[in-house]
Amino acid sequence: MARIVQKFGGTSVADTDRIKSVAEKVRREVEAGHEVAVLLSAMAGVTNQLVAYVDEVSTLYDAREYDTVVSTGEQVTVGLLALVLQGMGIQSRSWLGWQVPIRTDNVHGKARIEAIETEELRRRMATGEVPVIAGFQGLAPDNRITTLGRGGTDTSAVALAAALDADRCDIYTDVDGVYTTDPRIVSQARKLDRVTYEEMLEMASLGAKVLQTRAVEMAMKHGQRVQVLSSFEDVPGTLVVDEDEIVEQELVSGIAYSRDEAKITLVRVRDKPGVAAAIFGPLADANINVDMIVQNVSGDGEATDLTFTVANNDVERAVENLAARKDEIGCAEILHDPRVVKVSVIGVGMRSHAGVAQTMFKTLAEKGINIQVISTSEIKVSVLIDEEYTELAVRALHTAYGLDGD
Ligand code: ADP
Ligand code: ASP
Ligand code: MG
């Protein structure tokens, strides 16, 4: 007997027929004698609609109320699945985040899970009951509802699997595993049987939304076995594993892209000590993550342009924050542009091989694509380019690194 956490994403619970198919997947594990807990997302599209409602009434919204609204989609699906399971003769009960409780910090909109109380869940699972738990949500220290950031049900699932000492955490989705790049834009993408935590972490944080970044971080930290597999087809998925479990390591294992980027340029910022701290300190205090940064050495010793990126949904807050301090920062103008995409090549093999970045620059040059910002780490190279070239760039790079399948 094993203890299993199963997570089903939005497309897997998109309507009541699909919820019935999910119930079959749960039944299979229950009938095999396993203890099962299920985490669900909202029906596909519902969270987007809820976010849009909030935007319609308030652009610079209060994050506590944002969470109150956008967490509601999951309440519907957990109740429905519990009902379907009960109808099949399987004991089941739905749980919202606060009922478990799944305790988080108070960073509304992107809260972190701090602790999950599992005593009651364990007791019920031992009797054969299947808890169906709302993903994406938790409870702040002041007892308000929090959400974990878009795609957060992956993190709810891995965190619960770790807290329950589960043998497996199965992430069911609309693709049958992790691919060398998004199979929806590159038909030649290849499915990976295994991927290391580290590569998966880079892929997720660089835009491959198949797993939320924090879910991978958490799996890595707890050594939690995670499998990504299809809700619709019965085929083996992708295992996320330690580096030493992979026999043959590719130089580049994947290409990721993120459209969730906006570029901000501060024109003619004074070139003197302390300026970067004055710009980025208050952004960090406002919970705005800054990603890529480029600054030139100034030609005249006085002023230089500074460009950086933030997430699309933070750009208005960031510009407002900077504009309020424009004199203090001492810049001539604040420009912003949401029509950019970050494209990245990832692979642990890069540690020991030179030339990966060069191949990327050459490939993009051959397609006439201009690179606006570059950033690198030990196992990835990222570039910021015009959004218009997303597909072209990803496909060309996929071919250039020899990743194309049949
Ligand atoms: P869910 O609703 O099940 O959480 P998501 O839409 O969040 O599903 O994630 C699955 C999607 O991730 C796929 O439909 C695919 O388009 C996208 N994706 C991006 N990069 C990859 C990748 N490297 N491998 C697999 N899927 C990817
Ligand atoms: N429903 C939430 C979202 O769409 C959480 C999730 O699906 O993981 O972001
Ligand atoms: Mg997701």
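Relevant structure appears above.
In this report, the structure presented in the accompanying data block is examined. Keep in mind the model is a prediction, meaning the values are calculated, not measured.

## Structural notes on the site of ligand 2
In step 1: Near ligand 2 you find Ser41, Ala42, Thr47, Glu74, Phe136, Arg150, Gly151, Gly152 and Thr153, and these make up its full shell.
In step 2: Here an oxygen atom of ligand 2 and a backbone polar atom of Gly151 are 2.9 Å apart.
In step 3: Gly152 places a main-chain nitrogen or oxygen 3.3 Å from an oxygen atom of ligand 2.
In step 4: Summarising the interface, the protein chains cover 87% of the accessible area of ligand 2, which totals 260 Å² for the free molecule.
In step 5: In terms of residue class, the shell around ligand 2 is built from 2 nonpolar, 5 polar and 2 charged.

## Examining the pattern of salt bridges
In step 1: Here the structure, examined in full by the defined rule, presents 23 salt bridges.
In step 2: Here Glu35 makes a salt bridge to Arg3, at a shortest N to O gap of 3.0 Å. Here Arg3 lies in strand S1 (residues 3–8) and Glu35 lies in strand S2 (residues 35–40), a separation of 32 residues in the sequence. An identical accessibility class is assigned to Glu35 and Arg3; each is buried.

## A closer look at the nonpolar core
In step 1: Counting residues in hydrophobic clusters, the biggest one holds 40 residues, and the most contacted among them are Val5, Ile133, Leu160, Cys169 and Met200.
In step 2: At 5 residues, the largest contribution of residues to this core is made by helix H6 (residues 153–163).
In step 3: Contacts of Leu160, omitting those with residues within four sequence positions, involve Val5, Ala37, Leu39, Ile116, Thr118, Leu121 and Ile133.
In step 4: One finds Val341, Val383, Ala393 and Tyr401 within the second-largest nonpolar core, a separate group that totals 21 residues.

## Quick notes on the pairing of S1
In step 1: Here S1 lies mainly inside the structure; 6 of its 6 residues are buried.
In step 2: Both S1 and S2 contribute to a ladder of 6 bridges, which runs parallel. By the bridge assignment, Lys7 is partnered in S2 with Leu39.
In step 3: The parallel pair S1 and S2, bridged by helix H1 (residues 16–31), forms a crossover whose chirality is right-handed.
In step 4: Relative to strand S9 (residues 168–173), S1 runs parallel, the two sharing 5 bridges. Paired with Lys7 across the bridge in S9 is Ile171.

## Let's talk about the side chain of Ser41
In step 1: With respect to the helices and strands, Ser41 occurs in the loop between S2 and helix H2 (46–57).
In step 2: Ignoring sequence-local partners within four residues, the contact set of Ser41 consists of Lys7, Phe8, Gly9, Gly10, Val13, Glu74, Thr77 and Thr153.

## Let's talk about the packing of aromatic side chains
In step 1: In total, this model carries 3 aromatic pairs according to the counting rule given.
In step 2: When the centroid spacing of 4.7 Å and the interplanar angle of 10° are considered together, the rings of Phe8 and Tyr172 count as stacked. Taken together, the residues Phe8 in strand S1 and Tyr172 in strand S9 connect sequence positions 164 residues apart.
In step 3: Since its relative accessible area comes to 0%, Phe8 is described here as buried.
In step 4: Each ring, one from Tyr61 and one from Tyr66, has its centre 4.9 Å from the other, and the planes form 15°; the classification is stacked.
In step 5: Relative accessible area serves as the criterion here: at 29%, Tyr61 is assigned to the partly exposed category.
In step 6: The exposure class assigned to Tyr66 is buried, which follows from its relative accessible area of 9%.

## Digging into the side chain of Thr265
In step 1: Positionally, Thr265 belongs in strand S13 (residues 254–270).
In step 2: Not counting the four nearest positions on each side in its chain, Thr265 is found in contact with Asp305, Leu306, Thr307, Glu333, Ile334 and Leu335.

## Description of helix H8 (residues 213–222)
In step 1: Among the residues of H8, those classed as buried are Ala215, Val216, Met218 and Ala219. Down the axis of H8, the smallest arc covering the buried residues is 165°, so these residues share one side.
In step 2: Residues of H8 that are buried make contact with H6, helix H7 (197–205) and strand S11 (226–230).
In step 3: At the exit of H8 stands Gly223, carrying a positive phi of roughly 60°.

## Thoughts on the sheet that holds S13
In step 1: What the 6 strands build is an open sheet, ordered S14-S15-S13-S16-S18-S17; its pairing is antiparallel. Edge positions in the sheet fall to strand S14 (290–295) and strand S17 (373–377), since each has one partner strand and no second. Shown here is a sheet whose adjacent strand axes are inclined to one another by a mean of 30°, direction ignored.
In step 2: The pairing of strand S16 (residues 333–346) with strand S18 (residues 380–386) spans 7 bridges and is antiparallel. When the bridges of S18 are listed, Val341 appears paired with Ile385.
In step 3: The strands touched by H7 within the sheet are S13, S16, S17 and S18, with S16 carrying the most contacts at an inclination of about 150°.

## Remarks on the site of ligand 1
In step 1: Taken together, 17 residues surround ligand 1, and among them Thr173, Asp174, Tyr179, Asp182 and Arg184 come closest.
In step 2: Side-chain polar atom of Lys7 to an oxygen atom of ligand 1: 3.1 Å apart, as the coordinates give it.
In step 3: Between ligand 1 and Asp182, the relevant distance is 2.8 Å, taken from an oxygen atom to a side-chain nitrogen or oxygen of the residue.
In step 4: Within the complex, 89% of the 570 Å² of free accessible area of ligand 1 lies under protein.
In step 5: Class assignment for the residues of the shell around ligand 1 results in 7 nonpolar, 5 polar and 5 charged.

So, how was this worked out
Residues numbered from 1 in each chain as written. Chains lettered and ligands numbered in written order. Predicted model: local features only at pLDDT ≥ 70, side-chain atom pairs only at ≥ 80, totals over all residues. Heavy atoms only, no water. Near = heavy atom within 4 Å. Polar contact = N/O pair within 3.5 Å; in protein donor to acceptor, adjacent residues only side chain to side chain. Areas by Shrake-Rupley, 256 points an atom, 1.4 Å probe, with all protein chains shown as cover. Nonpolar A, V, L, I, M, F, W, Y, C, P; charged D, E, K, R; others polar. Salt bridge = Lys/Arg side-chain N within 4 Å of Asp/Glu carboxyl O. Helix = DSSP H or I, 4+ residues; strand = E, 2+ residues; numbered from the N terminus. Buried < 20%, exposed > 50% of the residue type's maximum accessible area, 1.4 Å probe, protein only. Core = buried A, V, L, I, M, F, W, Y, C linked by side-chain atoms within 4.5 Å. Contact = heavy atoms within 4.5 Å. Pairing = 2+ DSSP bridges. Right-handed = clockwise from strand over helix to strand, strands pointing away. Phe/Tyr/Trp six-rings, centres within 6.5 Å; stacked < 30°, edge-to-face > 60°. Arc of directions from axis to C-beta. Axes fitted to C-alpha atoms, helices over the stretch in contact; angles between N-to-C directions.

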